[in-house]
Amino acid sequence: MSMNCMEAAEAQFHTAIHMSQERDLWMFAKLNLAIVYLRGRRDNDLAQLMEQVRPEALPTYAHGLRAASYYVLGLQAFFQARYNEAKRYLRETLKMANAEDLNRLTSCSLVLLGHIFLSINNSRESMNMVTPAMQLASKIPDVHVQLWASAILKDLYRLAGDTERENEAYQMHCNFSQALLKDHFQATQLPQHALVHWTTGAPPALPPPHS
């Protein structure tokens, strides 16, 4: 999914769902599959899937899964421009993710909230979300979140008429974008990239690691 190989990701998540003996792993695979459907705008498939992974359907001990389920619901509401609903779900995610130190989920929720506030023209609240998202993402580090956050910062500074900071954010965005493209290209050149298409049988043979 990180490599944008969505068909391969879908096949592997389906395989994991069919093979899984553990309820938590089954839920985790379904939540990831939901994001694949979201990104492909497959609303009908998503609606069916979300019935099975709603937060209230998850066991109370599974804090991470419940937080992730609220995030996926928030993302779905965001894509459908139901911003108030999206904010409500994401605040639940933040509450749970903070309590469990789930840094990636926290930074993703903050940057998505920043995007929502930007969409409803609340620049101040947007900045309040994106700034800590960027700080947390650089600590993890998570270039995907940094790329997303820098794009929002660029727009916020443009709206504020702060050309100098807008240019800085633009440069930052370009740097993250180039780093990701380079990383993706290098990954596709590795023999391990063949694992992306593996769903059945023995894993593809890979060269032995260098000693």
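Rules behind the numbers
- Residues numbered from 1 in each chain as written.
- Predicted model: local features only at pLDDT ≥ 70, side-chain atom pairs only at ≥ 80, totals over all residues.
- Heavy atoms only, no water.
- Helix = DSSP H or I, 4+ residues; strand = E, 2+ residues; numbered from the N terminus.
- Rg over C-alpha atoms; globule rule 2.2 N^0.38 Å.
- Buried < 20%, exposed > 50% of the residue type's maximum accessible area, 1.4 Å probe, protein only.
- Contact = heavy atoms within 4.5 Å.
- Areas by Shrake-Rupley, 256 points an atom, 1.4 Å probe, with all protein chains shown as cover.
- Lys, Arg positive; Asp, Glu negative; His and termini not counted.
- Charge placed at Lys NZ, Arg CZ, Asp CG, Glu CD.
- Arc of directions from axis to C-beta.
- Axes fitted to C-alpha atoms, helices over the stretch in contact; angles between N-to-C directions.
- Parallel < 35°, antiparallel > 145°, perpendicular 65-115°, else oblique.
- Left-handed = near helix turned anticlockwise from the far one by under 90°.
- Domains from an automatic or database assignment.
- Disulfide = S-S within 2.5 Å.
- Core = buried A, V, L, I, M, F, W, Y, C linked by side-chain atoms within 4.5 Å.
- Phe/Tyr/Trp six-rings, centres within 6.5 Å; stacked < 30°, edge-to-face > 60°.
- Nonpolar A, V, L, I, M, F, W, Y, C, P; charged D, E, K, R; others polar.

A. Fine view of the overall build of the protein. Scanning the protein for helices and strands turns up nine helices and zero strands. For the protein, the sequential pattern of α-helices and β-strands runs α-α-α-α-α-α-α-α-α. Taking 2.2 N^0.38 as the reference for a compact globule, 211 residues should give roughly 17 Å; the C-alpha atoms of the protein span a radius of gyration of 19 Å, in line with that estimate. Its C-alpha atoms give the protein principal-axis dimensions of about 55 × 45 × 30 Å. A burial count over the protein gives 40% of its 211 residues as buried. Excluding contacts between residues fewer than 6 apart, the proportion of contacts in the protein whose partners are at least 24 apart in sequence is 54%. Per element, the accessible surface of the protein, about 12,200 Å² overall, is 53% carbon and sulfur. Within the protein, one finds 19 positive and 20 negative side-chain charges whose respective centroids are separated by 3 Å.

B. Molecular detail of helix 3 (residues 43-52). Within the sequence span of helix 3, burial applies to Leu46, Leu49 and Met50. Relative to the axis of helix 3, the buried residues are bounded by an arc of 100 degrees and lie together on one face. Set apart from the buried face of helix 3 by more than 90 degrees, the exposed residues are Asn44, Gln48 and Glu51. Those residues of helix 3 hidden inside the fold are in contact with helix 2 (23-39) and helix 4 (63-79).

C. Molecular detail of the packing of helix 6 (residues 103-119) against helix 8 (residues 143-159). Packing of helix 6 against helix 8 leaves a shortest axis separation of 10 Å and a crossing angle of 30 degrees. Classed by the angle they form, the pair helix 6 and helix 8 counts as roughly parallel. Along this stretch, helix 6 crosses helix 8, giving a crossing that reads as left-handed. Residue-level inspection shows Ser107, Cys108, Val111, Leu112, Gly114, His115 and Leu118 of helix 6 in contact with helix 8, the latter providing Val145, Trp148, Ala149, Ile152, Asp155, Leu156 and Leu159.

D. Focus on the domain arrangement of the protein. What the domain assignment reports for the protein is domain 1 (11-101) and domain 2 (123-186). Relative placement of domain 1 and domain 2: their C-alpha centres are 25 Å apart.

E. Representation of the state of the cysteines. Using the criterion set out here, one finds zero disulfides in the structure. With no disulfide of its own, Cys108 lies 19 Å from the sulfur of Cys5, the closest cysteine sulfur.

F. Looking closely at the nonpolar core. The biggest cluster of nonpolar side chains holds 58 residues, and the ones touching the most others in it are Leu33, Met50, Tyr71, Val72 and Leu112. Top contributing element to this core by residue count: helix 4, with 10 residues. Taken domain by domain, this core gets at least three of its residues from each of domain 1 (11-101) and domain 2 (123-186). Not counting the four nearest positions on each side in its chain, Leu33 is found in contact with Glu10, Phe13, His14, Ile17 and Leu49.

G. How the structure looks around the packing of aromatic side chains. Scanning the entire structure with this criterion turns up three aromatic pairs. On the basis of an interplanar angle of 35 degrees and a centroid distance of 6.3 Å, the ring pair of Tyr70 and Tyr89 is categorised as tilted. Of this pair, Tyr70 sits in helix 4 while Tyr89 sits in helix 5 (residues 83-99), and the two are 19 residues apart along the sequence. Classification of Tyr89 as buried rests on a relative accessible area of 12%. On the numbers, 6.2 Å between centres and 45 degrees between planes, the contact of Phe78 with Tyr83 is tilted. An aromatic cluster is built from Phe78, Phe79 and Tyr83, whose rings are joined through pairwise contacts.

H. Representation of the packing of helix 1 (residues 6-19) against helix 2. Between helix 1 and helix 2, the shortest axis-to-axis distance is 9 Å and the interhelical angle comes to 155 degrees. Our classification of the angle between helix 1 and helix 2 gives roughly antiparallel. Between helix 1 and helix 2 lies a crossing of left-handed hand. Across from Met6, Ala9, Glu10, Phe13, His14, Ala16 and Ile17 in helix 1, the residues of helix 2 making contact are Trp26, Ala29, Lys30, Asn32, Leu33, Val36, Tyr37 and Arg39. Counted by class, the contact of helix 1 with helix 2 contains 10 nonpolar, two polar and three charged residues.

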